[in-house]
Amino acid sequence: MIDLLAAADEALDGLKAVGAGLGYGLAAIGPGVGIGLVVGNAITAMARQPESAGMVRTTMFLGIAFTEALALIGFVVFILLNFA
Amino acid sequence: MNQLLAAGDGGSSGGLHFPAIESLLEWPGFLFEGNTFLELNKVGVIYLFAMAAPLVIFTLAIRKSALVPRGVQTVAESSVDFVRENIVMQTMGPDGMKFMPFLLSLFFFIFFANITEVIPFIQFPANSRMAAPAFLAILVWVVFNAVGIKSQGFFSYFKNTVIPPGVPGALLPLVAIIEFVSTFLVRPFSLAVRLFANMLAGHLLLVTFAVLCENLWAKNILVSIIWAPFVVLIGLTGFEILVAFLQAFIFTILTAVYIGGALHPEH
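1. Observations regarding the overall build of chain A
Along the backbone of chain A there are two helices and zero strands. The C-alpha radius of gyration computed for chain A amounts to 20 Å, which surpasses the reference 12 Å derived for 84 residues by more than 25%, pointing to a less compact arrangement than a globule. Projected onto its principal axes, the C-alpha positions of chain A cover 75 × 20 × 10 Å. For chain A, with 84 residues in total, the buried portion stands at 29%.

And the structure:
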């Protein structure tokens, strides 16, 4: 019985690790695509209008910061599940 | 997982021992031990450094101020110019200049607390502990709400924030709830988590490659692979300098955007 409980406990730890890894991976998909879109469009804008590059760059960093937050929350969940 | 790695390490050879996360992030106090208010550990010392370094730079710059800047005065003036042109003017316009000191000190504090990540023998970003990012985010929350209430009055600030212009009536309750949550709850949370998680991720990344390097070096498994993690480690160090700067910039510019939004409501 105790062996079974210990095994279940170990399996739970394993599942936690798998869940954490999957969670981070899934959380990174959307922001990956999103940051690609933000930067790609910013580059297009800069190439079309080099004189407005400064403004576009600032806005691009803002867009990246908002998009990236989701991936970072995924990373924090990964840390919490694995280590907390 | 740590147990697995540790068990592997206990074997004859080839195990890779990754240090436990507590040993990477938690530092024992070494000054005034046992005193609740004065006890200092490495993180606290780094915060004191991050507070003192800009003070020293700007004091030196003021003391030897010349019409044509040289040395430390160039650093101070170009950083002030950077914050003014790229952060204040881009987001708030000329009447945001009164927030310049706040934004500048925020930028410098965060930057110096981040840059210790790559300074040899310190190598720990103080912002990878949640305390200071959370406190800074709460401070920013208080500041932008206070600015909004002061410039627009309590009720009209609340109304302008929660009800964006041009929303059809049927959607209004939903939009109001979303706007309320995103402005008053998600903003400080994401501000703190963004800074904290970026620095923590960078620190763990550097540690991972340093551990790889050290293990391969010490155990000498394949001479040819030894250089790969080392090159990556050097590349990542450069990348982390960029991240340290960028996170300070992003935190400051988001603060400026929030204050600017509270200062000038959308019409």
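Moving on from the coordinates now.
2. A closer look at the packing of aromatic side chains
A ring pair, where both rings are aromatic, is described by two values, the distance of the centres and the angle of the planes. All chains considered together, the criterion is met by 24 aromatic pairs over all chains. Between B:F82 and B:F107, the ring centres sit 6.0 Å apart and the planes meet at 50 degrees, which makes this aromatic pair tilted. Residue B:F82 is found in helix α4 (residues 72-91), and its partner B:F107 is found in helix α5 (residues 100-115); the two are separated by 25 residues along the sequence. Here the aromatic residues A:F61, B:F49, B:F58, B:F82, B:F107, B:F108, B:F111, B:F112, B:F245 and B:F249 are joined through ring pairs into a cluster of three or more. One Lys or Arg, B:K42, reaches over the ring of B:W27 and ends 4.0 Å from the middle of that ring. The ring of B:F144 has B:R187 sitting right over it, with the charged end atom 5.2 Å from the ring centre.

3. Some details on the interface of chain B and chain A
Each side of the interface is counted separately: chain B has 22 residues, and chain A has 15 residues. For the chain B face of the interface with chain A, the top three residues by lost area are B:I21, B:Q90 and B:R194, together amounting to 26%. Counting across the chain B and chain A interface gives zero salt bridges. Scanning the region where chain B abuts chain A turns up one residue pair in polar contact (both at pLDDT 80 or more). Elements represented by at least two residues in the side of chain B that touches chain A include exactly α2 (21-25), α4, α8 (172-219) and α9 (223-263) of chain B. The residue makeup of the side of chain B that touches chain A, split by class, is 15 nonpolar, five polar and two charged.

4. Some details on a nonpolar patch on the surface
On the surface, A:V18, A:L22, A:L26, A:I29, A:V33 and A:L37 cluster together into a nonpolar patch covering about 610 Å² of accessible area. Here A:L26 shows up in helix α1 (residues 2-48).

5. Brief notes about the packing of α5(B) against helix α6 (residues 131-152) of chain B
Residue and element names in this part refer to chain B. At a minimum axis distance of 13 Å, the contact between α5 and α6 shows a crossing angle of 170 degrees. When the axes of α5 and α6 are compared, the pair comes out roughly antiparallel. Counting all contacts with α5, which are made through F102, L106, F109 and I110, the residues of α6 involved are L136, L139, V140 and V143. Among the residues forming the contact of α5 with α6, the class breakdown is eight nonpolar, no polar and no charged.

6. Quick word on the packing of α6(B) against helix α7 (residues 154-162) of chain B
All names here are of chain B. Remark: α6 packs on α7, axes separated minimally by 7 Å, with the N-to-C direction vectors making an angle of 115 degrees. Considering the relative orientation of α6 and α7, their crossing is right-handed. For the pair α6 and α7, the contacting residues are F144, N145, G148, I149 and Q152 in the first and F154, S156, Y157 and N160 in the second. Taken together, the residues that form the contact of α6 with α7 break down as four nonpolar, five polar and no charged.

7. What to know about the confidence of the model for chain B
Residue and element names in this part refer to chain B. Per-chain confidence: chain B averages 85 in pLDDT, with 91% of residues scoring 70 or above. The model gives residues 1-13 a pLDDT under 50, and that stretch makes eight contacts with residues more than four places away or in other chains. Both confidence scores are given for the complex: pTM 0.86, ipTM 0.79.

8. Topic: the pattern of salt bridges
All names here are of chain B. Going through the model one piece at a time under the given rule, you end up with two salt bridges over all chains. In this structure, the salt-bridge partner of R84 is D81, at a minimum N-O distance of 3.0 Å. On the criterion of helical spacing, the pair formed by R84 and D81 is a turn pair, its members being three residues apart in helix α4. According to the relative accessible area criterion, R84 is partly exposed, its value standing at 31%. A relative accessible area of 35% places D81 in the partly exposed class.

9. Considerations on the nonpolar core
If you look at the biggest cluster of nonpolar residues, it comprises 83 residues, and the most contacted ones within it are B:V83, B:L103, B:F112 and B:F251. The biggest single contributor to this core is α9(B), with 16 residues.

10. Some points on the side chain of B:N198
Tracing the sequence through the fold places B:N198 in helix α8. A distance of 3.3 Å separates the side chain of B:N198 from the side chain of B:Q247, its partner in a polar contact.

Thresholds applied
- Per-chain numbering applies: the sequence of each chain, read as written, is numbered from 1 onward.
- Chains carry letters from A onward and ligands carry numbers from 1 onward, assigned in written order.
- Per-residue local features are limited, in this predicted model, to residues with pLDDT of at least 70; the limit for side-chain atom pairs, both in listing and counting, is 80 or more; totals at the level of whole chains, interfaces and linings are taken over all residues.
- The basis for every side-chain value is the complete set of non-hydrogen atoms in the structure, without hydrogens or water.
- Strands here mean DSSP runs of E at least two residues long; helices mean DSSP runs of H or I at least four residues long; both are numbered from the N terminus.
- We take the radius of gyration over the C-alpha atoms and set the globule estimate at 2.2 Å times the residue count to the 0.38 power.
- Whether a residue is buried, partly exposed or exposed follows from its accessible area with a 1.4 Å probe, protein chains only, as a fraction of its type maximum: under 20%, in between, or over 50%, in that order.
- What counts as a ring pair is set by centres within 6.5 Å for rings of Phe, Tyr and Trp (its six-membered ring), and what kind of pair is set by the plane angle: stacked under 30 degrees, edge-to-face over 60, tilted for all other angles.
- Geometrically, a lysine NZ or arginine CZ counts as sitting over a ring once it is within 6 Å of the ring centre and also within 35 degrees of the ring normal.
- Here a residue-residue contact requires only that any non-hydrogen atoms of the pair lie within 4.5 Å.
- Here the buried area means the combined drop in accessible surface, using a 1.4 Å probe, for two parts upon being joined, counting both sides.
- What counts as a salt bridge is simple: a side-chain nitrogen of Lys or Arg found within 4 Å of a carboxyl oxygen of Asp or Glu.
- What qualifies as a polar contact is a pair of N or O atoms within 3.5 Å, subject to a donor-acceptor requirement within protein and to the restriction that residues adjacent in sequence count only when both atoms come from side chains.
- In the scheme used here, Gly and all other residues not listed as nonpolar or charged are polar, with Ala, Val, Leu, Ile, Met, Phe, Trp, Tyr, Cys and Pro taken as nonpolar and Asp, Glu, Lys and Arg as charged.
- Patches in this entry comprise residues that are over 30% relatively accessible and not in a salt bridge; like charges within 9 Å are linked, as are nonpolar side chains (Val, Leu, Ile, Met, Phe, Trp, Tyr) within 5 Å.
- Areas reported here follow the Shrake-Rupley algorithm with a probe of radius 1.4 Å; residue values treat only the protein chains shown as occluding.
- Fitting a line to C-alpha atoms yields each axis, with helices limited to the stretch in contact; the angle taken between N-to-C directions then spans 0 to 180 degrees.
- When an angle is under 35 degrees it counts as roughly parallel; over 145 it counts as roughly antiparallel; between 65 and 115 it counts as roughly perpendicular; any other value is oblique.
- Each crossing is labelled by how the near helix is turned from the far one, with a counterclockwise turn of less than a right angle marking it left-handed and a clockwise turn marking it right-handed.
- Along the chain, pLDDT gives the predictor's confidence residue by residue, from 0 to 100.
- Put simply, a nonpolar core is a bunch of buried Ala, Val, Leu, Ile, Met, Phe, Trp, Tyr and Cys residues held in one set by side-chain atoms that sit within 4.5 Å of each other.

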